[in-house]
Amino acid sequence: MLFKFSRNKISSNNGEFDKNYISKTVDNYKIKSVLNNRNITELILRQNITFIGGEQDKQGNFNLSLNIHRNVNCIEQLETIYNLAKMLIDSLNGRKPEVNKN
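Residues numbered from 1 in each chain as written. Predicted model: local features only at pLDDT ≥ 70, side-chain atom pairs only at ≥ 80, totals over all residues. Heavy atoms only, no water.

**Q** Please give an account of the overall build of the protein chain that cites residues and values.
**A** Within the protein chain, the regular secondary structure consists of five helices and four strands. Helices (α) and strands (β) of the protein chain occur, in sequence order from the N terminus, as α-β-α-β-α-α-β-β-α. Contacts in the protein chain between residues far apart in sequence, at least 24 positions, make up 38% of those at least 6 positions apart. Taken as a whole, the protein chain presents about 7300 Å² of accessible surface, with 49% of it coming from carbon and sulfur. (Helix = DSSP H or I, 4+ residues; strand = E, 2+ residues; numbered from the N terminus. Contact = heavy atoms within 4.5 Å. Areas by Shrake-Rupley, 256 points an atom, 1.4 Å probe, with all protein chains shown as cover.)

Spelled out as structure tokens, the structure:
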């Protein structure tokens, strides 16, 4: 059973991120480019995102899902989540994500 749980598991270059999140994928290259972007992993840690997932549809479009397990109480938090989503989309589409200070 443990084997099934660890199947397709990957690690990032951020040890703190790896302690807090389990990362699994069938597309190692694309997801590793996200996980090895320290700006993205640190932003995920700061925002305490509980789930990030996605799947590619039949037309080749990638549908991203974020689960924020708390209330967003101010415009700054909402902007930070928005910027994280933009960074993830850019990275998954092979573009270099802009660095945001949030």
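**Q** Can you break down helix H5 (residues 75-92) residue by residue, with the values?
**A** The terminal C-alpha atoms of H5 lie 26 Å apart, and with 18 residues this matches the ideal 26 Å at 1.5 Å per residue to within 8%. Of all the positions in H5, only Gln77, Thr80, Ile81, Asn83, Leu84, Ala85, Met87, Leu88, Asp90, Ser91 and Leu92 are classed as buried. The positive-phi residue at the C-terminal boundary of H5 is Gly94, with phi of around 80°. (Expected span 1.5 Å × (residues − 1). Buried < 20%, exposed > 50% of the residue type's maximum accessible area, 1.4 Å probe, protein only.)

**Q** Account for the pattern of salt bridges, naming residues and giving values.
**A** Tallying each qualifying case throughout the model produces two salt bridges. The shortest N-O distance in the salt bridge between Lys19 and Glu16 comes to 3.5 Å. Taken together, the positions of Lys19 and Glu16, both in helix H2 (residues 15-20) and three residues apart, correspond to about one turn of that helix. Taking relative accessible area as the criterion, Glu16 reaches 41% and is therefore assigned partly exposed. Notably, a salt bridge pairs Arg38 with Glu42, separated by 3.1 Å at the nearest N-O pair. Remark: Glu42 and Arg38 occur in helix H4 (residues 38-47); sequence separation between them is four residues, near one turn of the helix. (Salt bridge = Lys/Arg side-chain N within 4 Å of Asp/Glu carboxyl O.)

**Q** Tell me what's going on with the side chain of Asn37, and back it up with residues and numbers.
**A** By the element assignment, Asn37 lies in the loop between helix H3 (28-35) and H4. Engagement of the side chain of Asn37 in a polar contact is seen with the backbone nitrogen of Asn39, the distance being 3.0 Å. (Polar contact = N/O pair within 3.5 Å; in protein donor to acceptor, adjacent residues only side chain to side chain.)

**Q** Requested: an account of unusual backbone geometry, with residues and values cited.
**A** The phi dihedral of Asn48 falls on the positive side, at around 55°, and the residue is not glycine. Relative to the helices and strands, Asn48 resides in the loop between H4 and strand S3 (49-56). For Asn48, a relative accessible area of 48% translates into the label partly exposed.

**Q** Summarise the packing of aromatic side chains; cite the residues concerned and give the values.
**A** All told, the structure shown has one aromatic pair when counted by the stated rule. Arranged with centres 4.8 Å apart and planes meeting at 25°, the rings of Phe17 and Tyr21 form a pair that is stacked. Residue Phe17 is classed as buried on the basis of its relative accessible area of 4%. When its relative accessible area of 18% is taken as the criterion, Tyr21 is described as buried. (Phe/Tyr/Trp six-rings, centres within 6.5 Å; stacked < 30°, edge-to-face > 60°.)

**Q** Before we move on, could you go through the nonpolar core and cite the residues and values that matter?
**A** In terms of nonpolar packing, the biggest core is built from 14 residues, with Ile40, Ile44, Ile49 and Leu84 touching the most fellow members. The element that contributes the greatest number of residues to this core is H5, accounting for five residues. (Core = buried A, V, L, I, M, F, W, Y, C linked by side-chain atoms within 4.5 Å.)

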